[in-house]
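Survey of secondary and tertiary structure
This is what each chain is made of:
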Amino acid sequence: MDHFLYKNGTLHAEDVALTDIAASVGTPFYVYSAATLTRHYHLFTEALSPLPHMVCFAIKSLSNVAVLKLLGDLGAGMDVVSGGEYRRARAAGVPGDRIVFSGVGKTREEMRLALTGGIRQFNVESEPELRALSEVATSLGLSAPITIRVNPDVDAKTHAKIATGKSENKFGIPIARAREVYAEAARLPGIEVIGVDVHIGSQLTELAPFEQAYLKVADLTRQLRADGHNIRRLDLGGGLGIPYTRSNEAPPLPMDYGALIKRTVGDLGCEIEIEPGRLISGNAGLLVASVIYVKNGEGRDFLILDAAMNDLVRPSMYDAHHDIVPVIEPAPAVEAAVYDVVGPVCETGDTFAKGRPVAPLGEGDLVAFRSAGAYGAVMASEYNTRPLVPEVLVGGDHFAVIRQRPTFDEILNRDTIPSWL
Ligand SMILES: *Cc1c(COP(=O)(O)O)cnc(C)c1O
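Residues numbered from 1 in each chain as written. Predicted model: local features only at pLDDT ≥ 70, side-chain atom pairs only at ≥ 80, totals over all residues. Heavy atoms only, no water.

Using the residue numbers shown here, the UniProt feature "modified residue: N6-(pyridoxal phosphate)lysine" (unreviewed entry) corresponds to Lys60. Mapped onto the elements, Lys60 comes out in the loop between β5 (53-58) and α3 (65-74). Owing to a relative accessible area of 37%, Lys60 belongs among the partly exposed residues under this scheme. Not counting residues within four places of it along the chain, the set of residues in contact with Lys60 comprises Val81, Glu85, Tyr375 and Val378. (UniProt positions renumbered as here; feature names shortened; annotations may be inferred. Helix = DSSP H or I, 4+ residues; strand = E, 2+ residues; numbered from the N terminus. Buried < 20%, exposed > 50% of the residue type's maximum accessible area, 1.4 Å probe, protein only. Contact = heavy atoms within 4.5 Å.)

Pasting the structure below:
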C-alpha cells in the first residue's frame, strides 16, 4: 500500500494535500509519511519473527531526529556511521544499547563518545581499528562489545558506487583472514567478541548475493565457535533494494529476505540484527518542487525546477531514476509532454531526467519526485548558496516541519571575515 495517492485530483501524503504543505512551507521540500515508515519497519520485524532479532535502521539514509524518534519509539535500533549520527540517535531518545556503530574510519573520539554514552556493539572493520578500540576502552576502564565486519567477496550486482562486499572494496576484513583477526581480538584487553557482521552493498535487487554472503557467514560462525569464540549475534547488514519505477519488476520482498535469513543462519541460535536503510525510508518520502520555467530548446523542452542536484543528488551521482509526477492529477485524456527535467544549478550534471514523459506543465506547477526518502535530504548541500531543503513529516491529517529552511541571514552568518581583511 502506498500512502502517496491522488485524492480529489491532488497528490496527498496520507490525508494531507501536498498543495497545502507547499502553500505553508514553500518549495522545494521533502515530505515523509509516518504511516509508511512504520509499515516498512514492521515488514522487517514480521519477516524475522520468531527469531530473536533487532532491526537497526541505517540512519545515514534519512537522519532527521523526528524520523528517528518515530522509529525508535516503535522499538527500532539504529545503525550509525559517525559520532554525529550517534548523537542524532541519542537525541531521538534511542538508548545506547540499541545503537550499532558501523564505518571504516571510526576515530578515537567517536569510540570514546559511544563507549561512555552506551553502545550495543562496534562493527570493527580493520585491525588498526581493533587495536585503537582496545586502547580507548582500556583507558576508560570499559569493555567494547564487537563484531568484525567480514568481506565475503560476493558480487552484489548493484551500482559500483554502492557495492561494498567485493574484495577490492574498502570495507571489512577479507573473510579468509577472519579467524586470525578474531584470535587477535580475543587476546586484546577491553574487547569482547560477540558476533559477526557483514554488509555487501545497497539497492540489491536479487536475493542470491545475500544468500552467498550469509552462507559464508554461517560457515565462519561454526569455525569461530570451534575456535572458542562465543558468537551469539549476527549482524547481516542492510541493502535490500526498492522499486524506483512503478513499471519495473519488483525487487525481493522483506518476507522472502526474512525466509532466506532463517534458511541460511536461522539454525545457529544467534540473535539476528539487520541494518536496512533505503527499504524503510526510500519510498516513505517525496521531494516536492515547483516549475520555474518551461524553456523550449532545439528539439527538446526543458522543465526548469526550483529543486536541483544540491537537494537531490542521486540522479547526477548514481544515474538514479526517480519517477516525477505532477501534484495536480492530469485528466486521463491528456497526452504526456516530453521534457529534460533540470534544476537551476550551474552544472550540466544538474539534470534529473532526460526525455521524460510528464503531463504538460507550466510555470508554478508542482511536481513530486517519488522514492526520495532515502539518500535524499541527508545528501543535500547548499551548493550555489541554495538554502538547505526543509523536511516535513505527515501523520494522518496533520503535518509538521521537522527541519526548517534556513534563512539567508543564518547561512551568511556562518561565515566569518577575519579581522585582518
Ligand atoms: C549504507 C549501509 C546500510 C544501509 O544500506 P541500505 O541500502 O540503505 O539498506 C547498512 N549497513 C551499513 C554498514 C551501511 O554502510
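Okay, the nonpolar core next. Judged by nonpolar contacts, the single largest core of 99 residues is most densely connected at Met78, Phe122, Ile146, Leu234 and Ile261. For this core, the element with the most residues is helix α8 (residues 208-226), which contributes seven residues. Excluding residues that lie within four positions of it along the chain, Leu234 makes contacts with Val196, Val217, Thr221, Val265, Leu268, Cys270, Glu271, Ile272 and Glu273. Core analysis: the next-biggest nonpolar cluster, separate from the first, contains 18 residues, Phe4, Leu18, Val288 and Val394 among them. (Core = buried A, V, L, I, M, F, W, Y, C linked by side-chain atoms within 4.5 Å.)

So, about the pattern of salt bridges. Applying the stated criterion to the full structure yields 21 salt bridges. With its nearest N and O atoms 2.6 Å apart, the salt bridge here joins Lys106 to Glu129. Here Lys106 is found in the loop between β7 (99-101) and α5 (108-117), whereas its partner Glu129 is found in helix α6 (residues 127-139), with 23 residues between them in sequence. The same class applies to Lys106 and to Glu129, which are both buried. In the salt-bridge network here, residues are joined through shared partners; they are Arg120, Arg233, Glu271 and Glu273. (Salt bridge = Lys/Arg side-chain N within 4 Å of Asp/Glu carboxyl O.)

Take the pairing of strand β14 (residues 285-296) next. Bridge analysis of strand β4 (residues 29-33) against β14 gives four bridges, and the strand direction is antiparallel. Bridge pairing links Tyr30 to Leu287 in β14. As defined by bridge partners, β14 adjoins strand β19 (residues 366-369) across four bridges and the pair is classed as antiparallel. Bridge pairing links Ser290 to Leu366 in β19. (Pairing = 2+ DSSP bridges.)

Here the focus is the layout of surface pockets. Taken as a whole, the largest pocket encloses approximately 610 Å³ of empty space. Forming the boundary of the largest pocket are 29 residues, of which Lys60, Thr164, Phe171, His199 and Tyr375 lie nearest the centre. When residues in the lining of the largest pocket are grouped by element, the largest group, three residues, is from helix α11 (residues 314-318). Among the residues forming the lining of the largest pocket, the class breakdown is 11 nonpolar, eight polar and 10 charged. There are two domains that each give the lining of the largest pocket at least three residues, and those are domain 1 (4-31 + 282-412) and domain 2 (33-281). (1 Å grid on protein atoms, 1.4 Å probe; cavity = no way out; pocket = protein on both sides within 12 Å on 5 of 7 lines; lining within 4 Å. Points joined across faces, edges and corners; volume = space filled by probe spheres on them. Nonpolar A, V, L, I, M, F, W, Y, C, P; charged D, E, K, R; others polar. Domains from an automatic or database assignment.)

Okay, the UniProt feature "active site" (unreviewed entry) in the chain next. Using the residue numbers shown here, the UniProt feature "active site" (unreviewed entry) corresponds to Cys346. Structurally, Cys346 can be placed in the loop between β17 (337-342) and β18 (351-358). Residue classification places Cys346 among the exposed residues on the basis of a relative accessible area of 67%.

Moving on: the packing of aromatic side chains. What the rule picks out here adds up to seven aromatic pairs. With centroids separated by 6.3 Å and ring planes inclined at 55 degrees, the aromatic side chains of Tyr214 and Tyr257 adopt a geometry described as tilted. In this pair, Tyr214 sits in helix α8 while Tyr257 sits in helix α9 (residues 254-265), placing the two residues 43 residues apart along the sequence. Across this residue pair, the class does not change: Tyr214 and Tyr257 are buried. Ring pairing ties together the aromatic residues Phe44, Phe210, Tyr214 and Tyr257, which thus form one cluster. (Phe/Tyr/Trp six-rings, centres within 6.5 Å; stacked < 30°, edge-to-face > 60°.)

Within a sheet, adjacent strands bond to each other through the backbone by hydrogen bonds, running parallel or antiparallel. As summarised here, the arrangement of the three strands in space is β1-β2-β3, forming an open sheet in which the pairing is antiparallel. Looking at the sheet topology across the chains shown, the edges are occupied by β1 (4-7) and β3 (16-17).

Neighbouring residues of the ligand: 15 residues in total, closest Lys60, Ser202, Glu275, Arg278 and Tyr375. Between an oxygen atom of the ligand and a side-chain N or O atom of Lys60, the distance comes to 2.7 Å. A distance of 2.7 Å separates an oxygen atom of the ligand from a polar backbone atom of Arg278. Calculation on the ligand without its partners gives an accessible area of 380 Å², and the protein chains cover 93% of this total. With respect to the pocket detection grid, the ligand is positioned in the largest pocket. For the shell around the ligand, the residue count by class is three nonpolar, seven polar and five charged. (Near = heavy atom within 4 Å. Polar contact = N/O pair within 3.5 Å; in protein donor to acceptor, adjacent residues only side chain to side chain. Areas by Shrake-Rupley, 256 points an atom, 1.4 Å probe, with all protein chains shown as cover. Sits in = over half its atoms within 2 Å of the grid points.)

Under the domain assignment, the chain is made up of domain 1 (4-31 + 282-412) and domain 2 (33-281). On a C-alpha basis, the centroid separation for the pair domain 1 and domain 2 is 32 Å. Contacts between the two partners involve 27 residues from domain 1 and, on the opposite side, 26 residues from domain 2. Carbon and sulfur atoms make up 53% of the area that domain 1 and domain 2 hide from each other, which totals about 2200 Å². Here domain 1 and domain 2 share zero salt bridges between them. Where domain 1 packs against domain 2, one counts 13 residue pairs in polar contact (both at pLDDT 80 or more). It is strand β20 (residues 391-395) that contributes the most residues to the side of domain 1 that touches domain 2, four residues altogether. Residues that form the side of domain 1 that touches domain 2 fall into these classes: 11 nonpolar, nine polar and seven charged. (Buried area = accessible area lost by both parts, 1.4 Å probe.)

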